[in-house]
Amino acid sequence: MPHFNSSIFRPSVLTLIGIPGLESVQFWIGIPFFGMYIIALLGNFLLLVVIKVERSLHEPMYLFLAMLGATDIALSTCILPKMLGIFWFHLPNIYFDACLLQMWLIHTFQCIESGILFAMAVDRYVAICDPLRHASIFTQRLLTQIGLGVTLRAALFVAPCLILIKCRLNFYWTTVVSHSYCEHMAIVKLAVEDVRVNKIYGLFVAFSILGLDIIFITLSYIRIFITVFKLPQKEARLKAFNTCIAHICVFLEFYLLAFFSFFTHRFGFHIPSYIHILLSNLYLLVPPLLNPIVYGVKTKQIRDQVSRIFCCNYSS
């Protein structure tokens, strides 16, 4: 039976402690985090500018990449300003409703990113396995529908997490959140009441979005590799592999960090909390940092356009 007498009823303010066990060095941890954030912003903004300015890049693959860049900017911006407020300026307090909003935004953008990665995998599948129909399938209208679809799917699936916390959980053991941002399970664990419904729905969202997306992405790339191996010319095989390798790197970095963070938060009781929180932070900061770098290095069209921009600026 929960001890409601010693609990707190609907707290108006929560306290984010940052990284448990590393409070004394959080100031220094914030420096590389800030550097990663600035590089991610610059890289993704540059990617968006290049894709917008260069008409030859107005193709499905690059438009999906622009969606990914915009999502990365929004995702990292949701967490880092408040995180640096904790690390550098000792501002750990956050209004409960603002914390729920941050939680909803973070998980929504995570799901949007997963949906975009899935759409990119399907785009590569059609481009390689059925190239003659690629232009007729991936029309401007379909791209708009995909963008709206993955956004609505994420927002609607994550919203009940917020509602279940707001409407079901009234009593809390403490107002101290052992995290550097408002994560779903970190808030749920504070509650006195039975939180099984919250946990079950969180698992449902994770597996119905990220889980299904990674399954379909894997199946798409298995089919792509089968098709590529059947190509008669070695140059054609190398070109197809080179096109896919950047996508695969991005998929691996996102999903490996995502599932490690997800499972350690629920089942990794033997893992020190500071390791889990650090990896959770990196999970939200590393993909926005690496995505424009990976695509900029591996995609010749983007690399050429970036070089042209900097060469023109240098010449002038």
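Each residue is numbered by its place in its chain's sequence as written, counting from 1. In view of the model being predicted, local features appear only for residues whose pLDDT reaches at least 70, and side-chain atom pairs are presented and counted only at 80 or more, with totals across whole chains, interfaces and linings using the full set of residues. The side-chain numbers reported here are obtained from all heavy atoms of the structure, hydrogens and water having been left aside.

K.L.:
For this particular structure, what's the right way to read the packing of aromatic side chains?
P.N.:
In this description, a pair of aromatic rings is defined by centroid distance and the angle of the planes. Only Phe, Tyr and Trp rings take part, Trp by its six-membered ring, and two of them pair if their centres are within 6.5 Å. Stacked means planes under 30 degrees apart, edge-to-face means over 60, and tilted covers everything else. With the rule as written, the count across this model stands at 15 aromatic pairs. Judged by centre distance (6.1 Å) and plane angle (55°), the ring pair of Y221 and F225 falls under tilted. With Y221 and F225 both in helix 7 (residues 196–229) and 4 residues apart, the pair spans about one turn of that helix. Each residue in the set F27, W28, F34, W88 and F89 is aromatic and connected to the rest through ring pairs, giving one cluster. Note on conventions: DSSP H or I runs of at least 4 residues are helices, E runs of at least 2 residues are strands, and numbering of each starts at the N terminus.

K.L.:
Help me understand the pattern of salt bridges in this model?
P.N.:
Once their charged atoms are close, side chains differing in charge can pair, the charge on each being opposite to the other. What counts as a salt bridge is simple: a side-chain nitrogen of Lys or Arg found within 4 Å of a carboxyl oxygen of Asp or Glu. Scanning the model with the defined rule gives 5 salt bridges in all. A salt bridge links R196 to D194, with the shortest nitrogen-to-oxygen separation between them at 2.7 Å.

K.L.:
I tried to follow helix 2 (residues 60–89) on my own but got confused; where do I start?
P.N.:
Residues separated by three or four positions in an α-helix point in the same direction, a consequence of the helix having 3.6 residues per turn. Here helix 2 is 30 residues long and its end C-alpha atoms lie 43 Å apart, about the 44 Å a rise of 1.5 Å per residue gives. Buried means the residue's accessible area, taken with a 1.4 Å probe over protein chains only, is under 20% of the maximum for its type, while exposed means over 50%, and partly exposed covers the values in between. The element helix 2 is largely enclosed, with a buried count of 23 among its 30 residues. H90 sits one or two positions beyond helix 2 and adopts a positive phi of about 55°. Working rule for helices: expected span equals 1.5 Å times residues minus one.

K.L.:
Before we go on, may I ask you to explain the state of the cysteines in this structure?
P.N.:
The rule for a disulfide is simple: a pair of cysteine sulfur atoms within 2.5 Å. Taken as a whole, this structure holds 1 disulfide when the rule is applied. A sulfur-sulfur distance of 1.9 Å marks the disulfide that ties C99 to C182. Disulfide C99-C182: the torsion about the S-S bond is -115°, which places it as left-handed. Note that C99 is positioned in helix 3 (residues 96–129) and C182 in the loop between strand 5 (176–177) and helix 6 (184–188), a separation of 83 residues in sequence. As far as the burial class goes, C99 and C182 line up, both buried. The thiol of C111 is unpaired, and the distance to the nearest cysteine sulfur, on C161, comes to 8.5 Å. C161 sits in the buried class, given a relative accessible area of 7%.

K.L.:
Even after reading the chapter, I still don't get the packing of helix 3 against helix 7, so can you show me in this structure?
P.N.:
Close contact between helix 3 and helix 7 brings their axes to 9 Å; oriented N to C, the two are set at 20°. Classified by the angle their axes make, helix 3 and helix 7 are roughly parallel. Like other packed secondary-structure pairs, helix 3 and helix 7 cross with a definite hand, here left-handed. Facing helix 3, whose interface residues are C111, S114, G115, L117, F118, A121, R124, Y125, I128 and C129, helix 7 presents V205, I209, L210, D213, F216, I217, S220, Y221, R223, I224, T227 and V228. Residues are grouped as follows: Ala, Val, Leu, Ile, Met, Phe, Trp, Tyr, Cys and Pro are nonpolar; Asp, Glu, Lys and Arg are charged; all remaining types, including Gly, are polar. Looking at the contact of helix 3 with helix 7 residue by residue, the classes come out as 15 nonpolar, 4 polar and 3 charged. Axes, fitted as lines to C-alpha atoms, cover a helix only where it is in contact. Angles between the N-to-C directions of the axes lie from 0 to 180 degrees. An angle below 35 degrees is read as roughly parallel, one above 145 as roughly antiparallel, one from 65 to 115 as roughly perpendicular, and any other as oblique. With the far helix as reference, a near helix turned anticlockwise by less than a right angle produces a left-handed crossing, and one turned clockwise produces a right-handed crossing. Note on contacts: a residue pair qualifies if any of its non-hydrogen atoms lie within 4.5 Å across the two residues.

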